[in-house]
Amino acid sequence: MKRSVLASLTLIAGLGAGTALAEPQAEVLHWWTSGGEARAVQTLMDEFQSNGGKWVDMPVAGGGGDAAMQALRARVLSGNAPTAVQLKGPSIQEWYEEGVLADLSGVGKVEKWDLLLPAAIAGHMKCGGKYCAAPVNVHRVNWIWANTAVLARAGVSIPTSWDEFNTAAVKLKALGITPLAHGGQAWQDATVFESVVLGIGGPAFYRKALVDLDPAALNSATMVKVFDQMRTLRGFVDSNFSGREWNLATAMVINGEAAFQIMGDWAKGEFTAAGKTPGKDYQCNPTPGAGFLYNVDSFAMFKVSGADREAGQKLLAKLIVGENFQKTFNLAKGSIPARLGTPLGEFDYCARRSAYDMDVAASSGTLLPSYAHGMALRGQQAGAITDLVTQHFNSDMSSAQAAKSLADAVANSR
Ligand code: BGC
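Nothing here was measured: the structure is a model prediction, and the numbers come from that model.

A. How the structure looks around the layout of surface pockets. Computed from the structure, the largest pocket encloses a volume of approximately 850 Å³. Residue lining of the largest pocket: 28 residues in total, with Gly-65, Asp-66, Met-69, Ser-91 and Gly-379 positioned closest to the centre. Mapped by element, the contributors of at least two residues to the lining of the largest pocket are α3 (66–77), α4 (90–97), α10 (186–201) and α19 (379–393). Considering every element that reaches the lining of the largest pocket, the biggest residue donor is α19, with six residues. Within the lining of the largest pocket, the residues separate by chemical class into 11 nonpolar, 10 polar and seven charged. Residue-level mapping places the lining of the largest pocket at the junction of two domains, with at least three residues from each of domain 1 (3–136 + 296–345) and domain 2 (140–294 + 351–413).

B. Highlighting the packing of helix α13 (residues 221–234) against helix α20 (residues 399–413). Where α13 meets α20, the closest approach of the two axes is 8 Å, and the angle between their N-to-C directions is 120°. Judged by the angle between their axes, α13 and α20 are oblique. At the point where α13 passes α20, the crossing takes the right-handed sense. Taken together, the residues of α20 that come into contact with α13 (itself represented by Met-223, Val-224, Phe-227 and Asp-228) are Ser-399, Ala-400, Ala-402, Ala-403 and Leu-406. Split by residue class, the contact of α13 with α20 holds seven nonpolar, one polar and one charged.

What counts, and at which threshold
- Residues numbered from 1 in each chain as written.
- Predicted model: local features only at pLDDT ≥ 70, side-chain atom pairs only at ≥ 80, totals over all residues.
- Heavy atoms only, no water.
- 1 Å grid on protein atoms, 1.4 Å probe; cavity = no way out; pocket = protein on both sides within 12 Å on 5 of 7 lines; lining within 4 Å.
- Points joined across faces, edges and corners; volume = space filled by probe spheres on them.
- Helix = DSSP H or I, 4+ residues; strand = E, 2+ residues; numbered from the N terminus.
- Nonpolar A, V, L, I, M, F, W, Y, C, P; charged D, E, K, R; others polar.
- Domains from an automatic or database assignment.
- Axes fitted to C-alpha atoms, helices over the stretch in contact; angles between N-to-C directions.
- Parallel < 35°, antiparallel > 145°, perpendicular 65-115°, else oblique.
- Left-handed = near helix turned anticlockwise from the far one by under 90°.
- Contact = heavy atoms within 4.5 Å.

What follows is the structure in C-alpha cells.
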C-alpha cells in the first residue's frame, strides 16, 4: 500500500514535470509575407496557440521562397535548424538525404494520413517510405487573373488561346492599359514560362520537357514556339517591372492599372484580402490549353532536441492535416485543401473549379507538377532552367538559341 502510494505520487510528479517540460513550441520558417499570405499563416499561428503551442515566427520575405531557402541553409549549417520549415516537393527529399529531417510517421499513423491524403500528395510527403512532411494545400499554378472592369472597358474577353491573348493585349496596350502585370524576378518568369510550355506544347510535351528533361523536347521546334510567345509577352509588360514582387503585380490588376496576371492562385489570396469578389471584380481562368500544374505547400520538421520542440512539431503536424485548418487556411490562401473530403461549401467558384479540374486532370493523366514551384525537379536542374528562361526574357536572345541553350543548361546540371 505504502509502496503503491509512493509509486503513484512519483508517477504524478513525473507526469507533472513531463507536462511542464513539454510545452509545445515551434519556430516556423516560411515566406508567407504578402497581405493574403500573412492572413493565411495567421490561421495556423492562431490554431497552434489555441492548442497550447508557443509560436516563434521566422518569416523570410521573397515570393517563391528563394530567400527563405538560403536562410534555411545558413541555419542548418550552423547546427541550429528551425523546428518547422515551409518546404516542398523534391527539396524535402534533398534535406532528408542530408539526414536532418524528423520522422513524422507516428503522427501520420495516429491521424490516419494514409486515408486522408491523396496518394500523389502523400508520395511527396514521404521519405524512405515514412512521413517527413505535412501538406497544407494544393495551389494551381496555371491561372490567368483578370480585372473585369478593365476588360469590359477595352471590349476584350478572357482569352482561350495564346493568339487570343496576344490580340487582346495589343488592343489593351493601344488603350494605354498595361496588358500583363509582371514582376521582374526569375521565379515569376519561370511561372509564366511553365504555363506557356503547357499551353503551347500540351500536357505530354510539358511532361517530356520539364519533368523527364528529354533533350529532344527541350531543344525542339515546339520549345522555339514557347520562347517566341515569351518574347511576345515581354512586350506586354510595363517598363517598371524590374524587381517588382508578385503581389505588387497582383495589386496592379486589383487596382485596374493592368488587365491580366499569369500567376498561381496565391494571387487570389491578395484579391480576397482586398475584399474583391471573383466573377464580379475579377476573373479566374486557367491559362490557355489543357492540364493542371500543381504546387503543394507543406511543412517539414527538422531534427531538434528538447521535449518542447518535439511536442511542437507533433502538434503542428497534427493540426496542419486537420479539417479545420485545411479549411480556414485555404480560404485565405487561395488554394484548395490537400485533405480528402474537406467540404468546399464556403469556398468560391475559383476554388471549386480548381478542385474539379484537378480531379479531371488526375483521371486523364494531365495533372502535372510545377517545375517553377519546386514540385518536379531537384534544385539544381530547376535552377538551370530558370536561369536560362530569365536570361532569354531579359535579353534579345533568339528563340532558337534559347531552346538550344536550355537543353545544354539542363545537360550540364545533371
Ligand atoms: C508558394 C506559395 C507562395 C508563393 C509566393 C509559392 O512557391 O508555394 O505558397 O504564396 O510561392 O510566395
